[in-house]
Each structure stands twice: as structure tokens, then as C-alpha cells.
Amino acid sequence: MTEGVQRPGTFGVDRSEGFGERLLGVLLDRAHEMPPQLIAPLVAEEVARVGGRDLSILLQDYEQMLMVPLPGRGLTVGDPEPVEGSPAGEAFLRRRTVEVPGEGAVRMYLPLLDGSDQIGAMAVTLDSVDDDDRRLLRRLAGLVADMIVTKDAYTDLFFQARRRAPMSVAAEIQWSLLPPLSMTVPQVEVAGILEPAYDVAGDSFDYALNGDILHVAMIDAMGHGLDAATMATVAIGAYRHTRRANTGLSQVYAFMDKAINEQFGHDHFVTAQMMCLNIGTGRLQWVNAGHPAPLLIRDGAVVDRLESPTTLPVGFGGEQPKVTERVLRPGDRLLCFTDGLIEEHQAGGEQFGEEQLIEWTNRVVREQTAVRAVVRALSHALKQERGGTTSDDATMFLIEWRGGDADHLAVLD
């Protein structure tokens, strides 16, 4: 290159390593080969460089009731903290930093966000906090979350920390099937929850955001135990296979139906609901195969049921289903649920029913705003209202459509 000539875009740019870059860069440089158990001591050392101490990493348990401290060298491990009413729980649910002043110190709780999936919170104590500390620690928490999710694919450490009760084999299978429990982009947010967390078997959900199209499926396999979990596994696998082949909803149903029928015979079935939402326009399409109709929530209340022609459950060889369409308004929410949520009843008693579900939904959405918080609060309130037990799987999935675009995220400030 001719002396004195600079490449475009490099004029005046300082590319030397600063303190913040080095702090995060050490973690990035070592992340590829770092064993999962060494994340904690390295993060504790990095936190100490900004004057922090008493580092704790708290993960949500499978029932979403507790924030459970991760054990490990360099970590402060105390008792689990309730999600409801604790600083760690607030950081987790609200996706924001919470600062608790103490005697000559500040305890910071930072959300652990992998992309937008909330996995827990990171807590650290500093003598004082300024904006530089907040920025560095927020970014460090994001990197820690990414590492936990990545390493979780080949270790049991995080699973064991989150598990607070014995888990059935069927539930192990179902949890391994699930995508992240929540996902957020500017145009749309989703969140789901499964009950009973440690004994779920036939219920599952799946979603994928491909370009401007959000694909969603919710299923409920007949029965319970391993048979139901196996059927759910085949149904979700068939759904993903056809979704990734860019087939229409009617073809998705037909392929799932064939897969269940050929594998399990004519006396087994899976109820299902498949949706496609254009997150740019709000155009919603869906197919119902024996599933409860979703509820439309608008302006803080349930205003409608998304009724549609229904075909036979997957596995029974139903006719080609009719695809129903509707255009949503910005801010609309869709609550999808399995029948275990409304059919639960004590022996000899009445079913819980959809009217009570609607009543409780209206009550919760008046008290909560965040999508994840609504799903969690509603699921726990309904479980308590049904007597604190769940004899059948009871699953919810909430979608909020906002509209707009995300182009600003690809532009440097």
C-alpha cells in the first residue's frame, strides 16, 4: 500500500485494546475450549477487576418458582431465592438490572439473556457503581449467558442445578425437545410454560422465526408417560421436518398425520395446532386439529376465541384441513393452551372450564405486563386455583405481535 494512503473507513479509528475490550475479550478468547466448570472462576476473576465480589449465578428452576444458585469455584452459593418478590427474580422477569444499596456497598442483579431468552440472573457486590460499571457488567452478563447456553449442550451441570425435584424419564424427553421458553425481537415476543414441570409427558410446543414468518406448533399427545412422550417426539420431529421444507400448513398436517399413523397405528392420536404469523404485517394463518381455540387478548382483556374449522387429530387420517386467516392489530396477544388447563377437576367435581381461564387471564394481564411474567403468573395462579395439583399436562404459549421492523439493530450508532 502506498505510504500515507489509508483504507476506507479506517481514518481516525483507535484499534488499540481498551480495558473493557480486554475484560470481555479474555472470556471470548477462551470460551471455545473452556470446560463448563471453569466459567465461574474466570468470571469471578473478571468481576474482581472492576471491584466486584461475592459473585452469584442464579438459574431459574424448571417450575419457574425459584432462582437457584449455581455451585462452583469462585461463586457465592446461598439458598434459592423466590422468583416472586426477590431482586434476582425481578431482574430475571423484567430483563433489567436491579440495584440494592447496602451499608457502603451495592448489590447488582443483572439478567442473563441469551439473545432474548431469559435463563437467570448474575449478582455481584461493588462498593459503588457508575455508568461504566453498569455497561461492562451488563455486557459481561450477556456473554456469561451465551456461554451457559452453549456449554449446556454437552454438560449436566446446569440441568442438575435447575432441577429441584425428581424428574420422570418422559419429562426429560419433553424438556430436551423444547426450544427456548421465551424469544423476543422488536416485532414479536413469545413465551411458554409446561406443567407439571417434573412429570410432563404428552404436551409440547415448538416455534421458529424464519425471515418475517413466525412458525408455531402446539401439541398434546394422548395418554401419559413414555408412550405420550414418544408420540410427542415423533410429532414435533415431523413438524420440524415439513416446516424446514417450506411446506404449507395443510401439508404440515398431512405429514404429521402420516408419521403418527404409521408409527403408532390408528388408535393413537395427537391434537395439534399449527400457526404462521407474518411479523411484519400481522397476518395470521392457522390449522386446528382437535385443539382448544386460542384466546385473543386485546387492550388488556380477552376479546375473542380464534374459532376455526377443525379436522381430526393427527394420526386419525382426517381430511385436508382448512387454513384460517386473520389480521392482528399491534399489541394483540394470542394465548394458546392444551385441554389439560381447562379439563382439570377433582374426582366427582366440575371441570375448571374455559370461563374461569378467561376470568383469570383478564385478572393477570391487568397486573402483569411482560409476556414471560404473564405466562408464569397465569400458570401458577391457575394451578393454585385448581388445588395445587395437575393430573394432566397443562401447557400455555403466549404470542404478542407488535409490528414494525428491526432494521435499526443492523446499523451502528
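Here, the structure is the one placed above.
Residues numbered from 1 in each chain as written. Predicted model: local features only at pLDDT ≥ 70, side-chain atom pairs only at ≥ 80, totals over all residues. Heavy atoms only, no water.

## A few points about the side chain of K151
And then number 1: Note on placement: K151 falls in helix α4 (residues 131-151).
And then number 2: Buried charge without a partner: K151 forms no salt bridge, and the closest opposite charge is E33, 9.2 Å away.
And then number 3: Side-chain polar atoms of K151 contact the backbone oxygen of A31, separated by 2.5 Å. (Helix = DSSP H or I, 4+ residues; strand = E, 2+ residues; numbered from the N terminus. Buried < 20%, exposed > 50% of the residue type's maximum accessible area, 1.4 Å probe, protein only. Lys, Arg positive; Asp, Glu negative; His and termini not counted. Salt bridge = Lys/Arg side-chain N within 4 Å of Asp/Glu carboxyl O. Polar contact = N/O pair within 3.5 Å; in protein donor to acceptor, adjacent residues only side chain to side chain.)

## Section: the packing of aromatic side chains
And then number 1: In the structure shown here, the tally under the stated rule is 6 aromatic pairs.
And then number 2: When the centroid spacing of 5.3 Å and the interplanar angle of 55° are considered together, the rings of Y62 and F159 count as tilted. Placement of the pair is Y62 in the loop between β1 (53-60) and β2 (66-69) and F159 in helix α5 (residues 157-162), with a sequence separation of 97 residues. By the burial criterion, Y62 is buried, and F159 matches it.
And then number 3: Taking the centre distance of 6.3 Å and the plane angle of 75° together, the rings of Y62 and Y198 count as edge-to-face. Within this pair, whereas Y62 is found in the loop between β1 and β2, its partner Y198 is found in the loop between β8 (188-195) and β9 (203-210), the two being separated by 136 residues in sequence.
And then number 4: Owing to a relative accessible area of 6%, Y62 belongs among the buried residues under this scheme.
And then number 5: Take Y198: its relative accessible area is 9%, and that puts it in the buried class.
And then number 6: The residue whose ring lies beneath R107 is Y109, and the NZ or CZ to ring-centre distance is 5.9 Å. (Phe/Tyr/Trp six-rings, centres within 6.5 Å; stacked < 30°, edge-to-face > 60°. Lys NZ or Arg CZ within 6 Å of the ring centre and 35° of its normal.)

## Looking at α4
In an α-helix, one turn spans 3.6 residues; hence positions three or four apart end up facing the same way.
And then number 1: Taking 1.5 Å as the rise per residue, α4 with 21 residues should run 30 Å; its terminal C-alpha atoms sit 30 Å apart, in good agreement.
And then number 2: Within α4, burial applies to D133, L136, L137, L140, A141, G142, L143, V144, A145, M147, I148 and K151.
And then number 3: Looking at the buried side of α4, the elements it contacts are α1 (19-31), α2 (39-49), β1, β5 (105-114), β6 (117-126) and α5.
And then number 4: The N-terminus of α4 is capped by D130, whose side-chain oxygen sits 3.1 Å from the backbone nitrogen of D132. (Expected span 1.5 Å × (residues − 1). Contact = heavy atoms within 4.5 Å.)

## Thoughts on the pairing of strand β11 (residues 270-278)
And then number 1: Most of β11 sits inside the fold, with 8 of its 9 residues counted as buried.
And then number 2: Bridging between β11 and strand β12 (residues 283-289) involves 6 bridges; their strand directions are antiparallel. Following the sheet pairing, M275 is matched in β12 by W286.
And then number 3: The antiparallel pairing of β11 with β12 creates a hairpin that spans 4 residues between the two strands, and G282 there sits at a positive phi of about 85°. (Pairing = 2+ DSSP bridges.)

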